[in-house]
Amino acid sequence: MTNEMKQRIEKTMENLRKNKMKPFFVETKEDVLPLVRTLVNEGDTVSNGGSMTLKETGVMDELKSGRYNYLDRAREGITREEVEEVYRETYKADVYFASSNAVTESGYLYNVDGNSNRVSAILYGPKSVVLVCGCNKIVKDIDEAVERVKKVAAPPNSKRLDCKTYCAEKGECMSLTKENPELCDGCHGAGRICCNFVICAQQRHVDRIKVILVGEELGF
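The rules behind each value
- Residues numbered from 1 in each chain as written.
- Predicted model: local features only at pLDDT ≥ 70, side-chain atom pairs only at ≥ 80, totals over all residues.
- Heavy atoms only, no water.
- Helix = DSSP H or I, 4+ residues; strand = E, 2+ residues; numbered from the N terminus.
- Contact = heavy atoms within 4.5 Å.
- Expected span 1.5 Å × (residues − 1).
- Bend = angle between axes of the 7 residues up to and from the residue.
- Buried < 20%, exposed > 50% of the residue type's maximum accessible area, 1.4 Å probe, protein only.
- Pairing = 2+ DSSP bridges.
- Axes fitted to C-alpha atoms, helices over the stretch in contact; angles between N-to-C directions.
- Arc of directions from axis to C-beta.
- Salt bridge = Lys/Arg side-chain N within 4 Å of Asp/Glu carboxyl O.

Some remarks on unusual backbone geometry
At Lys20, a position not held by glycine, the phi torsion is positive, near 65°. Relative to the helices and strands, Lys20 resides in the loop between α1 (3-18) and β1 (22-26).

Encoded structure:
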């Protein structure tokens, strides 16, 4: 990791603290799980948002280990009605795990969702929220966060979820073809994953949101 990245991480962590979120830093993805285990208790009710980062760091396997009451929205044979019930039960979870689409150096979290169960749980409900983010998620400001989602995060996620969208086919949001796109511009396909745009700034509930920054690139 370069000195420049170390400085960016330190700045980001300082500003997350100012915004009443609790930052952590680990060098590698292998260091994530030991830290996560200190942030959750055996028997806790836990849930998660969709995240490649959680898979890459072993957090998903940990949640399914049997040590916790895991609200599993992807279990075999689950019906759509049962999935929706898991979404609602998640608001009462002890700990919610996810990643963030971007983390600004000024200590803001930027997230864009389609179904929006992830962003809603980050905002309210679970007693504790733990976000695991590779250093590739750190951006200078909100403008760069918006661009990151439209160019880097949304296209591969649309492919992963098999959504028939412009970005899945072309590799970037169609709004970027416009001279002066608005923040929420995009396609009008039924599979669009960019429906609600959320910025987390200073929090009222101190340290409810924990952000684990990892000194490696992870996720989209």
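A word on the environment of Ala145
Within the secondary structure, Ala145 sits in helix α7 (residues 142-160). With near-sequence residues (within four places) excluded, Ala145 lies in contact with Ala102, Tyr110 and Val139.

Considering α7
With 19 residues, α7 extends 25 Å from end C-alpha to end C-alpha; this agrees with the ideal 27 Å at 1.5 Å per step. The largest bend along α7 measures about 45° and falls at Val149. Taken residue by residue, α7 has Ala145, Val146, Arg148, Val149, Lys150, Ala153, Ala154, Pro155, Asn157 and Ser158 as its buried positions. Buried residues along α7 sit in contact with β5 (102-104), β6 (109-113), β8 (138-139) and α8 (166-170). Just past α7, the residue Asp162 takes up positive phi, approximately 55°.

Re the sheet that holds strand β4 (residues 95-98)
Strand order in the open sheet made by the six strands is β1-β10-β7-β4-β2-β3, with parallel pairing throughout. The sheet is open, and its two edges are formed by β1 and β3 (69-70), each paired on a single side. Judged from the five bridges that link them, β1 and strand β10 (residues 209-214) form a sheet pairing that is parallel. Bridging across to β10, Phe24 finds its partner in Ile212.

Description of the sheet that holds β5
Spatial strand order, β8-β5-β6-β9: four strands in an open sheet with mixed pairing. Bordering the open sheet on either side are β8 and β9 (196-200), each of which pairs with just one other strand. With two bridges joining them, β5 and β8 adopt parallel strand pairing. Paired with Thr104 across the two strands is Val139, which belongs to β8. Along the sheet face, α7 touches β5, β6, β8 and β9 and points at about 30° away from the line of β6.

Remarks on α1
Three or four residues apart is the spacing at which side chains of an α-helix point the same way, because the helix has 3.6 residues per turn. Along its 16 residues, α1 runs 23 Å from first to last C-alpha, staying within 8% of the 22 Å computed at 1.5 Å per residue. Buried within α1 we find Met5, Arg8, Ile9, Thr12, Met13, Asn15 and Leu16. Summarising the axial view, the buried residues of α1 lie within an arc of 170°, below the 170-degree limit, and thus occupy one face. Exposed residues pointing more than 90 degrees away from the buried face of α1 are listed as Asn3, Gln7, Glu10 and Lys18. Once α1 finishes, Lys20 follows within two positions and takes phi at roughly 65°, a positive value.

Things to note about the environment of Val36
Within the fold, Val36 resides in helix α2 (residues 32-36). C-alpha separation for the pair Val36 and Val95, spaced 59 residues apart in sequence, amounts to 11 Å. In this structure, Val36 is in contact with Val59, Phe97 and Ile212, ignoring residues within four places of it in sequence.

Re the pattern of salt bridges
Under the counting rule described, the total for this entry stands at 15 salt bridges. Taking the shortest distance from any N to any O, the salt bridge between Glu84 and Arg80 comes out at 2.8 Å. Of this pair, Glu84 and Arg80 both sit in helix α5 (residues 80-90), separated by four residues, roughly a single helical turn. Of the residues examined, Glu84 reaches a relative accessible area of 26% and is grouped as partly exposed.

A short note on the environment of Ala153
For Ala153, the location among the structural elements is in helix α7. Spatially, the C-alpha atom of Ala153 lies 9.1 Å from that of Glu172, the residues being 19 residues apart in sequence. Ignoring anything within four residues of it in the chain, the contact list for Ala153 reads Asn101, Arg148 and Phe220.

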